[in-house]
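Structural overview
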Amino acid sequence: MIDFSYQADIRTKPISYTVRATPEAVFTAWVTPSMVEKWWGPDGFTTRVLNLTAEVGGNFAFEMTAPDGSSCVMSGVYRCVDRPKLLSFEVHEHCNLSLPHGTEPQKNSSLVEVVFRSSELGTVVSLTHTLLNPDYAELAVVSWAQSLRSMDAQFSGSVNLI
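Here the residue numbering is sequential within each chain, running from 1 through the sequence in written order. Local features are withheld for residues below a pLDDT of 70 in this predicted model, meaning they are given only at 70 or higher, and side-chain atom pairs are given and counted only at 80 or more; totals for whole chains, interfaces and linings count all residues. Note: side-chain values were computed over all heavy atoms of the structure, leaving out hydrogens and water.

Topic: the pattern of salt bridges
- We define a salt bridge as a contact between a side-chain nitrogen of Lys or Arg and a carboxyl oxygen of Asp or Glu at a distance within 4 Å. With the rule as written, the count across this model stands at 4 salt bridges.
- Across the salt bridge formed by Arg20 and Asp152, the nearest N and O atoms sit 2.6 Å from each other. With Arg20 in the loop between strand S2 (13–19) and helix H1 (23–31) and Asp152 in helix H3 (residues 134–156), the pair connects residues that are 132 residues apart, well separated along the chain. Working definition: helices are DSSP H or I runs of at least four residues, strands are E runs of at least two. Numbering for both runs from the N terminus.

Now the structure itself:
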C-alpha cells in the first residue's frame with residue numbers, strides 16, 4: 001500500500017508503504033548489503049553495494065545499473081541509526097541515469113529519513129526525501145515506491161523473514 005500524500009514544499013515528498021515483515025526485519029533489509037542488493041532501485045535497475053557502514057557517520061556507496069547497462073554510484077553518509085525505529089542519511093552523490101528529457105540532474109546533497117512503525121499488517125515504512133530539485137523529486141517518489149514494493153516482494157517470497 002502506497003500513500004502519495006505530498007507536502008506543500010515541492011522539494012519534499014513523503015511516502016508511506018506497508019511491508020509485510022517486522023520492523024526489525026525491515027530495518028535489517030536497509031542495512032545489510034546482500035539484502036539491499038535484492039530490492040534497492042527503481043524497476044529494471046540492479047544494485048551492487050560497494051560500501052555500507054550503517055552507523056552514525058558511516059558511509060554507503062551503491063553502484064546502480066540501468067536496464068541499458070549504464071551505471072552510476074549513489075553515495076552518502078548515515079546521520080541517524082536507531083534500530084529498528086529510524087534511519088536517516090545524507091545523499092552526496094545521486095544516480096542521474098535514465099532521466100527523462102529536460103529533467104535537471106540532482107547535483108546537491110539531499111536528506112532521506114526513514115521511520116519504521118509496527119502495524120497489524122507488518123511495518124509501515126514512512127520515507128521523506130528532502131532538498132531535491134522539483135523535477136528530480138517527482139522521479140524520486142516513483143523510484144522509492146518501486147524500491148519499497150520490491151522490498152515487500154522479497155519478504156512475501158520468504159516465510160523466514162516475517
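Examining the confidence of the model for the protein
- For the protein, mean pLDDT is 88; residues scoring 70 or higher make up 88% of the total.
- The low-confidence segment residues 1–10 (pLDDT under 50) makes 23 contacts with residues lying over four places distant or belonging to another chain.
- Along the chain, pLDDT gives the predictor's confidence residue by residue, from 0 to 100. Residue contacts follow a heavy-atom distance rule, with two residues in contact if any of their heavy atoms lie within 4.5 Å. In this model residues 158–162 is a low-confidence stretch, pLDDT under 50, and it forms 9 contacts with partners more than four residues away in sequence or in other chains.

Description of H3
- Take the number of residues in a helix, subtract one, and multiply by 1.5 Å to get its expected span. Relative to the 33 Å expected for 23 residues at 1.5 Å per residue, H3 spans 33 Å between its end C-alpha atoms, a close match to the ideal helical length.
- Within H3 the residues assigned to the buried category are Tyr136, Ala137, Ala140, Val141, Trp144, Ala145, Gln146, Ser147, Leu148, Met151, Asp152 and Phe155. Type-normalised accessible area, obtained with a 1.4 Å probe on protein chains alone, sets the label of each residue: buried when under 20%, exposed when over 50%, and partly exposed for intermediate values.

Topic: the state of the cysteines
- In this description, the term disulfide denotes a pair of cysteine sulfurs within 2.5 Å. In total, this model carries 1 disulfide according to the counting rule given.
- Sulfur-sulfur distance for the disulfide between Cys72 and Cys95 comes to 1.9 Å. On the sign convention where negative means left-handed, the S-S torsion of about -120° between Cys72 and Cys95 marks this disulfide as left-handed. With a gap of 23 residues between them, Cys72 in strand S5 (residues 71–82) and Cys95 in the loop between strand S6 (86–93) and strand S7 (110–119) connect regions that are remote in the sequence. Cys95 shares its class with Cys72; the two are buried.

Notes on the packing of aromatic side chains
- Any Phe, Tyr or Trp ring, taking Trp's six-membered ring, that has another such ring centre within 6.5 Å forms a pair; planes under 30 degrees apart are called stacked, those over 60 apart edge-to-face, and the others tilted. In this structure the tally under the stated criterion is 14 aromatic pairs.
- Ring geometry for Phe60 versus Phe89: centroids 5.3 Å apart, planes at 80°, classification edge-to-face. Taken as a pair, Phe60 in strand S4 (residues 59–65) and Phe89 in strand S6 lie far apart in primary sequence, 29 residues in all.
- The exposure class assigned to Phe60 is buried, which follows from its relative accessible area of 2%.
- For Phe89, a relative accessible area of 3% puts it in the buried group.
- A ring pair is formed by Tyr78 and Phe89, whose centres lie 6.0 Å apart and whose planes are at 70°; its orientation type is edge-to-face. A residue pair is termed long-range when its members are at least 10 positions apart, and Tyr78 in strand S5 and Phe89 in strand S6 qualify at 11 residues. Accessibility classification places Tyr78 together with Phe89 in one group, the buried group.
- Here a set of aromatic residues connected by ring pairs shows up, and it is made of Phe27, Trp30, Trp39, Trp40, Phe60, Phe62, Tyr78, Phe89, Phe116 and Trp144.

With respect to H1
- For H1, a buried count of 7 out of 9 residues is recorded, marking the element as mostly surrounded by other parts of the structure.
- Listed in full, the buried residues belonging to H1 are Pro23, Ala25, Val26, Phe27, Ala29, Trp30 and Val31.

A word on unusual backbone geometry
- In this structure, the amide linkage connecting Arg83 to the following residue, Pro84, adopts the cis form with an omega of -10°.
- Backbone geometry places Ser98, a non-glycine residue, at a positive phi of 55°.
- Position of Ser98 among the secondary structure elements: in the loop between S6 and S7.
- Backbone geometry places Leu131, a non-glycine residue, at a positive phi of 65°.
- The topology assignment puts Leu131 in the loop between strand S8 (122–130) and H3.

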